[in-house]
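Coordinate inspection notes
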Amino acid sequence: MMFTLIVVICCSCYVLLRWKKSASNGGKMFPYLIEENKRSSKPSSPTPLGRNSEEVNHRMGGSHVHNNIASRIQNSTSPPPSPPKSPTNKKVSNSRRDSIYDYKSEAAKKVELIAKNRDERRQRQADEKAQKDLIMHLEQNNPYWEFSQMIRDFRNGIDFRPLREHDPVVENQITVCVRKRPLNDKEDRRKEVDVITVNTKNQLIVHEPKHKVDLTKYLENQNFRFDYVFDDSCSNDIVYKFTAKPLVKTIFEGGMATCFAYGQTGSGKTHTMGGEFRGKQQNFRNGIYGLVAVDVFKLLNHQKYAQKNYMVSASFFEIYGKLVFDLLAKKQRLRVLEDGKQQVQVVGLTEKIVSKVEDVIDLIQKGSMERTSGQTSANSNSSRSHAVFQIILRKSGSKHVDGKFSLIDLAGNERGADTNKSNRQTRIEGADINKSLLALKECIRALGRKGAHLPFRGSKLTQVLRDSFIGEKSRTCMIALISPGNFSVDHSLNTLRYADRVKELIATDSPEDDAADVAMYGEEDISEDINEGDEEMLQDEERRLHISSMEWEVLESNRHVIESCVYFHKMACDLYKASQKNGFDKNHYATNWKNLLNEMIDIQKEALLKANEFCNVLDGRV
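In this text, all values refer to a predicted model and were calculated from it rather than measured experimentally.

A few words now on the overall build of the protein chain. When helices and strands are tallied, the protein chain shows 19 helices and 18 strands. The 622 residues of the protein chain split such that 39% are buried. Of the contacts formed within the protein chain by residues at least 6 apart in sequence, a portion of 69% connects residues at least 24 apart. Entry remark: accessible area of the protein chain is about 37500 Å², with carbon and sulfur atoms responsible for 52%.

Structure below.
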């Protein structure tokens, strides 16, 4: 009973305090209870008052206010709700949330977003791979179809104006042109892509396939310009018309003409110079050799030159390393010497008089069968020597040369990276070939810059062709041949840069250009146009080539000593046997034995000098 009384007193005090507070709120004692009753859709069912409620009502005196409070206590049989939170400006939305995603934390949302993006990316990659597989199937499993597609898209956006047969021929002292051959069967089997685009008659574009750091494929397009550019549809007749044909009349006017075929092994040099192949047989009539011979005999019978009584002769030899062999005399070794008039003479060279085109064709065929060849990384039957075919004009009964046309099928140039995979012999050959090509370029540059020093002693090739670079009437044509496949793009770029360097340095008739050249190259030596870094690199390359050439000479002298020892032994035995017979000629014996010894001593002395020089170079004393 006492406990009940204490509870009633406490409740009464609480009600009085709330009543006073409600007076200041407009008479509402429990505003939050009123708001809750308004919001609720179903009012709570009345509960009968208990004993405690009646007792409270009796003790409150039955006043209206106290009855109202008691009724509210009666209606709120459940525990009273917590007081309202402090008011805020935000409107509380009681709408039901759409998905469970709204209840996740920010980290969980980011993880789901990353997973979603990953799935989309994987699906996109799978679609791209399926598309690539389909394209590869349509492209017959071509591994380079992406490069091929990029090249096709590039070509669709340019205007093609290639060289045609009716275009005019421009005559220059030095003509540099480029010929592109079509893809061969080996390149087709490897699904190679044609990376050379001939867009005009004097320009071409090289599409070099490359990869970025992230393995993205792209093309680096490099432009080159020359006097003429022949695409893969041009025949030997068209090439001849713009290159060697204008040079034929030069030899009838007392000049020297030279035509080179330069390029990588397998790029079509022998095809261009010698003639088209039909299986293993070569048609020498439609090569530049044969076409020049036809025009020479046409002009020989022309009324303008018929009265000069010219006689035509031909020679055919090859330069292999530093050795010269006669292709018309079963590869007999020749010696290149200078006479008292500083004229270079090929001692022992066979020179046959020809009276018709068939005679020239027979000589070409005979010499081509004797030419030295070897196997390289690019060609199983590569020409490893420079073949020089010369047509010479003389007046009947005279030894003076009135005109000479030199047609050179150069050996295939190789990169050092490719020769490293070859055997020792091939590496020595490649080093000497590159050295002779470097010397040839310097001579052509000197020919273009009139009056410049002619470095013809740089190689046997330029030494033999010295008279072709001397004189105002000398004219030169270089045909650079390139392979179109993407496997050969590095070789093609090297060939084009070599040919571009030759043409770039030709002297012009413009005084302004000459003055600019003098300012660029200096007054002391106009032929020097390389900076210090290039000069250093060139000196290192020359030293390496010099060592390779000396090694070749030492090996050749060693072989020559072995052969001479065999000959010496045989001759010494024969002389000794003859001396054992009764009545032998003592003078004859003594003379022959002395000559044999002197010959042997000379050969060994020459070999000893080369061996000493080679040792000094290796030791760094030279």
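On to the UniProt feature "binding site: ATP" (unreviewed entry) in the protein chain, then. Per the UniProt record, the feature "binding site: ATP" (unreviewed entry) sits at Gly-263, Gln-264, Thr-265, Gly-266, Ser-267, Gly-268, Lys-269 and Thr-270. Among the structural elements, Gly-263 can be located in strand β6 (residues 256-263). Looking at where Gln-264 falls in the secondary structure, it is placed in the loop between β6 and α10 (269-274).

It is worth spelling out the pairing of strand β10 (residues 323-326) at this point. Across the two faces of β10 the burial is the same, with Leu-323 and Phe-325 and Val-324 and Asp-326 all buried. Note: strand β9 (residues 310-320) against β10, four bridges, orientation antiparallel. By the bridge assignment for β10, Ile-319 is matched with Val-324. Hairpin connection between β9 and β10: a loop of two residues separates the two successive antiparallel strands, and Gly-321 in this loop has a positive phi of roughly 70 degrees. Linking two consecutive strands that pair antiparallel, namely β10 and strand β11 (residues 332-338), is a turn of five residues; a positive phi of about 55 degrees is found at Lys-330 within it.

Before going further, it helps to examine the state of the cysteines. Simply put, disulfide is the name for a covalent bond between the sulfur atoms of two cysteines. The tally for this structure, following the rule as stated, stands at zero disulfides. Just so you know, Cys-259 is unpaired, no disulfide at all, and the nearest cysteine sulfur is the one on Cys-477, 4.4 Å from it.

Looking at the secondary structure, you find Gly-367 in helix α12 (residues 357-370). Here the alpha-carbon distance between Gly-367 and Glu-318, two residues 49 residues apart in the chain, equals 9.1 Å.

So, on to helix α6 (residues 145-156). The terminal C-alpha atoms of α6 lie 16 Å apart, and with twelve residues this matches the ideal 16 Å at 1.5 Å per residue to within 8%. Those residues of α6 lying buried are Trp-145, Phe-147, Ser-148 and Ile-151. Projection of α6 onto a plane perpendicular to its axis shows the buried side chains occupying an angular sector of 155 degrees, all on one side.

Below, the discussion takes up helix α19 (residues 586-619). The terminal C-alpha atoms of α19 lie 49 Å apart, and with 34 residues this matches the ideal 50 Å at 1.5 Å per residue to within 8%. Listed as buried for α19 are Leu-596, Met-600, Ile-603, Ala-607, Phe-614 and Val-617. Of the residues flanking the start of α19, the one acting as N-cap is Asp-585, its side-chain oxygen 3.2 Å from the backbone nitrogen of Asn-587. Looking one or two places after α19, you find Gly-620, whose phi comes out positive at around 80 degrees.

Glancing now at the packing of aromatic side chains. The tally for this structure, following the rule as stated, stands at eleven aromatic pairs. Plain terms: the ring middles of Phe-252 and Tyr-305 are 5.0 Å apart, the flat faces sit at 40 degrees to each other, and that makes the pair tilted. In this pair, Phe-252 sits in the loop between α9 (245-251) and β6 while Tyr-305 sits in the loop between α11 (288-300) and β9, placing the two residues 53 residues apart along the sequence. Here Tyr-305 falls in the buried class, since its relative accessible area comes to 6%. The rings of Tyr-228, Phe-230 and Phe-242 are connected pair by pair, giving a single aromatic cluster. A cation over an aromatic ring shows up here: Lys-212 above the ring of Tyr-218, its NZ or CZ 5.8 Å from the ring centre.

One rule of thumb: low pLDDT means the predicted coordinates there are not for detailed reading. The pLDDT averaged across the protein chain works out to 75; a share of 70% of its residues lies at or above 70. Of all secondary-structure elements in the protein chain, the lowest mean pLDDT belongs to helix α17 (residues 511-521), at 37, while strand β5 (residues 228-230) reaches the highest, 93. Scored below 50 in pLDDT, residues 416-421 makes five contacts in the model with residues more than four places away or belonging to other chains.

Walk down a regular strand and you will see the side chains alternate between the two sheet faces. As paired strands, strand β2 (residues 196-200) and strand β3 (residues 203-211) are joined by three bridges and run antiparallel to one another. What sits directly across from Thr-197, in β3, is Ile-205. In terms of strand pairing, β3 meets strand β4 (residues 217-225) through nine bridges, oriented antiparallel. Bridge assignment links Lys-210 to a residue of β4, and that residue is Tyr-218. Taken together, β3 and the strand that follows it, β4, pair antiparallel across an intervening segment of five residues, in which Leu-215 is found at a positive phi of about 70 degrees.

Conventions and cut-offs
- Residues numbered from 1 in each chain as written.
- Predicted model: local features only at pLDDT ≥ 70, side-chain atom pairs only at ≥ 80, totals over all residues.
- Heavy atoms only, no water.
- Helix = DSSP H or I, 4+ residues; strand = E, 2+ residues; numbered from the N terminus.
- Buried < 20%, exposed > 50% of the residue type's maximum accessible area, 1.4 Å probe, protein only.
- Contact = heavy atoms within 4.5 Å.
- Areas by Shrake-Rupley, 256 points an atom, 1.4 Å probe, with all protein chains shown as cover.
- UniProt positions renumbered as here; feature names shortened; annotations may be inferred.
- Pairing = 2+ DSSP bridges.
- Disulfide = S-S within 2.5 Å.
- Expected span 1.5 Å × (residues − 1).
- Arc of directions from axis to C-beta.
- Polar contact = N/O pair within 3.5 Å; in protein donor to acceptor, adjacent residues only side chain to side chain.
- Phe/Tyr/Trp six-rings, centres within 6.5 Å; stacked < 30°, edge-to-face > 60°.
- Lys NZ or Arg CZ within 6 Å of the ring centre and 35° of its normal.
- pLDDT = per-residue confidence, 0-100.

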